[in-house]
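Chain by chain, the residues run as shown.
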Amino acid sequence: MSGPVKRRYDSSRRQEQARENRRRILAAAHELFVTRGYGRTTIADVAAEAGVAPETVYSAFKNKPALLHRAWDVAVGGDDRDVPLLERPEVRALFAEPDLRTRLTAFAVFNTATMRRTARLHLAVRGAAASDVAAAAMLAEIDRQRLVSMAEHARAAAATGQLAVAEDECRDVLWSTTDGTLWHRLVECRGWPDERYSAWLGRLWVSSLVG
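All figures in this text were calculated on a predicted structure; none of them were measured in a lab. (Residues numbered from 1 in each chain as written. Predicted model: local features only at pLDDT ≥ 70, side-chain atom pairs only at ≥ 80, totals over all residues. Heavy atoms only, no water.)

> What should I look at first to understand empty space enclosed by the protein in this one?
If a probe as big as a water molecule is rolled over the atoms, it shows which places are left empty. Scanning the model with the defined rule gives one cavity of 30 Å³ or more in all. Of the pockets and cavities examined, the largest cavity occupies roughly 40 Å³. Around the largest cavity sit Leu100, Arg103, Leu104, Phe107, His153, Ala157 and Leu174, which together line it. When residues of the lining of the largest cavity are traced back to their parent elements, those giving at least two are helix H6 (100-129) and helix H7 (133-159). Of the residues in the lining of the largest cavity, the class split is five nonpolar, one polar and one charged. (1 Å grid on protein atoms, 1.4 Å probe; cavity = no way out; pocket = protein on both sides within 12 Å on 5 of 7 lines; lining within 4 Å. Points joined across faces, edges and corners; volume = space filled by probe spheres on them. Helix = DSSP H or I, 4+ residues; strand = E, 2+ residues; numbered from the N terminus. Nonpolar A, V, L, I, M, F, W, Y, C, P; charged D, E, K, R; others polar.)

> Is there a simple way to think about the nonpolar core in this case?
Nonpolar side chains tend toward joint burial in soluble globular proteins. Ranked by internal contacts, the top residues of the largest apolar core, which has 29 residues, are Ile25, Phe33, Val46, Val57, Leu67 and Leu68. It is helix H4 (residues 64-77) that contributes the most residues to this core, seven residues altogether. The next biggest cluster of nonpolar side chains, apart from the first, holds 27 residues, and it includes Leu100, Ala108, Val165 and Trp183. (Core = buried A, V, L, I, M, F, W, Y, C linked by side-chain atoms within 4.5 Å. Buried < 20%, exposed > 50% of the residue type's maximum accessible area, 1.4 Å probe, protein only.)

> Explain the side chain of Arg88 to me, please; I cannot follow it from the model alone.
For Arg88, the location among the structural elements is in the loop between H4 and helix H5 (89-96). Exposure remark for Arg88: the relative accessible area of 1% places this residue in the buried category. In terms of polar contacts, Arg88 uses its side chain to reach the backbone carbonyl oxygen of Gly77, at 3.3 Å. Leaving out residues up to four positions away in the same chain, Arg88 has contacts with Gly77, Asp79, Arg81 and Val83. (Polar contact = N/O pair within 3.5 Å; in protein donor to acceptor, adjacent residues only side chain to side chain. Contact = heavy atoms within 4.5 Å.)

> What am I meant to see in the packing of helix H2 (residues 43-50) against helix H3 (residues 54-61) here?
The description of two packed helices rests on the angle between their axes and on the distance between the axes. Interhelical geometry of H2 versus H3 gives an angle of 105 degrees and a closest axis separation of 8 Å. When the axes of H2 and H3 are compared, the pair comes out roughly perpendicular. Residues Ile43, Ala44 and Ala47 of H2 lie in contact with H3, whose contacting residues are Pro54, Val57 and Tyr58. (Axes fitted to C-alpha atoms, helices over the stretch in contact; angles between N-to-C directions. Parallel < 35°, antiparallel > 145°, perpendicular 65-115°, else oblique.)

> I tried to follow unusual backbone geometry on my own but got confused; where do I start?
Excluding glycine, a negative phi dihedral is what most residues carry, and trans is how most peptide bonds are arranged. Of note, Lys62 is a non-glycine position whose phi angle comes to about 75 degrees, a positive value. The topology assignment puts Lys62 in the loop between H3 and H4.

> It is not clear to me how the environment of Arg146 should be interpreted in this structure. Could you clarify?
Within the secondary structure layout, Arg146 lies in helix H7. The spacing of Arg146 and Arg171 is 25 residues in sequence and 10.0 Å in space, taken between C-alpha atoms. With residues near it in sequence (within four places) discarded, Arg146 still touches His122, Trp175, Ser176, Thr178 and Asp179.

> Please clarify how H7 should be interpreted in this entry.
Spacing of three or four residues puts side chains on the same side of an α-helix, whose turn is 3.6 residues. A rise of 1.5 Å per residue sets the reference length of H7, with its 27 residues, at 39 Å; its end C-alpha atoms lie 39 Å apart and thus fit the reference within 8%. Those residues of H7 lying buried are Ala135, Met138, Leu139, Ile142, Arg146, Ser149, Met150, Ala151, His153, Ala154 and Ala157. Looking at the packing, one finds that the buried side of H7 touches H4, H5, H6 and helix H8 (167-176). Just past H7, the residue Gly161 takes up positive phi, approximately 80 degrees. (Expected span 1.5 Å × (residues − 1).)

> Would you explain the layout of surface pockets in this entry?
The space that makes up the largest pocket amounts to roughly 630 Å³. Together, 30 residues line the largest pocket, and Trp72, Val76, Leu85, Gln145 and Ser149 are the ones closest to its centre. The set of elements that each furnish at least two residues to the lining of the largest pocket consists of H4, H6 and H7. Counted by class, the lining of the largest pocket contains 13 nonpolar, nine polar and eight charged residues.

Below you can see the structure in the form of structure tokens.
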């Protein structure tokens, strides 16, 4: 005679709760890093803003530098999927566009949306870098990753045969105009709508790089 059937443990609800906690923690960290400053924000502050215990934050992210790193990745990608930016469909679609003028114009629109998510956090990291070792390391990593990304865009642009400048010049122009500074000054300081900014950036790239 068989005994009672044991119910299989269903961890899906617990896993979803953990994912929701991570999303809330990352949103809280982003907001506090931007508004209060990275150096002045503690794990306890993030936990209180997210409505979780500090132990939950430590369990999910170990420490504040790791939390900053993940908050940046999510801001860049726009979601918490572990998919590098260069491998995302919207970026692959840019590389697939054969006309370089059209590609750069579309890239300006894409970059403007990225700046909307990342520029304030980038400025916060930059502001903390002078006095915080972790922030300085993060800033260097952000700039390194962006240089790698812009090198890929420049390489793809050169492959079209339509680039009017050297590939390394294209890389450096793109890298210098995509760190959020221009977006912050023109959109947030001067009040330009994102649409105006993206159109201007596209014209700048086309006139500088295509001729």
